[in-house]
Amino acid sequence: MSTEHEKVRGWLTGRLPKEWFEGEPELSVDRDEILIVGRIPAPEQADGVSDAERSAAEDGRIKQFREDTRERRIEIARELEHATRRKVAWGVRCGDTKTVFTSLSAPVMTRLRQPERQVLDTLVDAGVARSRSDALGWCVKLVAQHSETWLADLRDAMTKVETVRQAGPDTAS
């Protein structure tokens, strides 16, 4: 875990109202955004309710949380954005349902040759994506889904490299 991630987690531990979430919220930090996803209690329901009824109750509880906490979440997000120079997004888990409220959509410049563009255009033509941008996002999600272990190992290795760099000799004389 990076030092920046630890600082954000520590700051949130001191700043978030204890009654908001069950346990520690999930925290995801990249160059552009901090995503905070906390677990809220699922609504109590009778045994044997249908999946549709359970899902609707969870959606309702999420909507209630979103409305009830809006002003405080905005205040906390502004403070954290000022401190970190990153946008802050919120989300919650309730039972089996996860909802991210408003998340940053960052433009990414890339150069693709014709074969790669044809892949994106095929996804658009097939109705899988609305645009090349959506198709590229779809591809990234698919790669992440099928390479989760490899990506986790890569992130772990990068963290170890950063630790070694920080422990190295001071090059400024």
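The rules behind each value
- Residues numbered from 1 in each chain as written.
- Predicted model: local features only at pLDDT ≥ 70, side-chain atom pairs only at ≥ 80, totals over all residues.
- Heavy atoms only, no water.
- Helix = DSSP H or I, 4+ residues; strand = E, 2+ residues; numbered from the N terminus.
- Expected span 1.5 Å × (residues − 1).
- Buried < 20%, exposed > 50% of the residue type's maximum accessible area, 1.4 Å probe, protein only.
- Arc of directions from axis to C-beta.
- Pairing = 2+ DSSP bridges.
- Axes fitted to C-alpha atoms, helices over the stretch in contact; angles between N-to-C directions.
- Contact = heavy atoms within 4.5 Å.
- Patch = residues over 30% accessible without salt bridge, like charges linked within 9 Å, V, L, I, M, F, W, Y side chains within 5 Å.
- Areas by Shrake-Rupley, 256 points an atom, 1.4 Å probe, with all protein chains shown as cover.
- Salt bridge = Lys/Arg side-chain N within 4 Å of Asp/Glu carboxyl O.
- Left-handed = near helix turned anticlockwise from the far one by under 90°.
- Nonpolar A, V, L, I, M, F, W, Y, C, P; charged D, E, K, R; others polar.

Peer 1: I keep staring at helix α1 (residues 3–15) and nothing clicks. Help me out?
Peer 2: An α-helix turns once every 3.6 residues. As a result, residues three or four positions apart point the same way. The terminal C-alpha atoms of α1 lie 18 Å apart, and with 13 residues this matches the ideal 18 Å at 1.5 Å per residue to within 8%. Along α1, the positions that sit buried rather than exposed are H5, V8 and L12. Buried residues along α1 cover an arc of 65° about the axis, so they all sit on one side. Opposite the buried face of α1, at more than 90 degrees from it, the exposed residues are K7 and G14.

Peer 1: What am I meant to see in the sheet that holds strand β1 (residues 26–29) here?
Peer 2: Each strand in a sheet pairs with its neighbour through backbone hydrogen bonds, running either in the same direction (parallel) or in the opposite one (antiparallel). In space, the 4 strands of this open sheet follow the order β1-β2-β3-β4, with mixed pairing throughout. Only two strands of the sheet have a single partner each, and these edge strands are β1 and β4 (97–100). Taken over all neighbouring pairs, the strand axes of this sheet differ in orientation by 15° on average, direction set aside. With 4 bridges connecting them, strand β3 (residues 87–94) and β4 associate as antiparallel partners. Looking at β4, one finds that R93 is bridged to K98. Relative to β1, α1 is tilted by about 140°, and along the sheet it contacts β1 and β2 (33–40). The strands that helix α2 (residues 51–84) touches are β2, β3 and β4; relative to β3, the one it contacts most, it runs at about 155°.

Peer 1: Please clarify how a nonpolar patch on the surface should be interpreted in this entry.
Peer 2: A surface patch of nonpolar side chains, about 250 Å² in accessible area, is lined by V128, W138 and L142. Along the chain, V128 turns up in the loop between α3 (114–125) and α4 (132–146).

Peer 1: Looking at this model, I keep getting lost on the packing of α1 against α2. Mind explaining?
Peer 2: Packed helix pairs are specified by the crossing angle of their axes together with the interaxial distance, meaning the distance between the axes. In contact at an axis separation of 12 Å, α1 and α2 are set at 145° when each is read in the N-to-C sense. Every pair of crossing elements has a handedness; the one defined by α1 and α2 is right-handed. Facing α1, whose interface residues are E4, V8, W11, L12 and R15, α2 presents R72, E75, I76, E79, L80 and T84. Considered class by class, the residues forming the contact of α1 with α2 number 5 nonpolar, 1 polar and 5 charged.

Function cannot be read off these values alone, since they describe shape.
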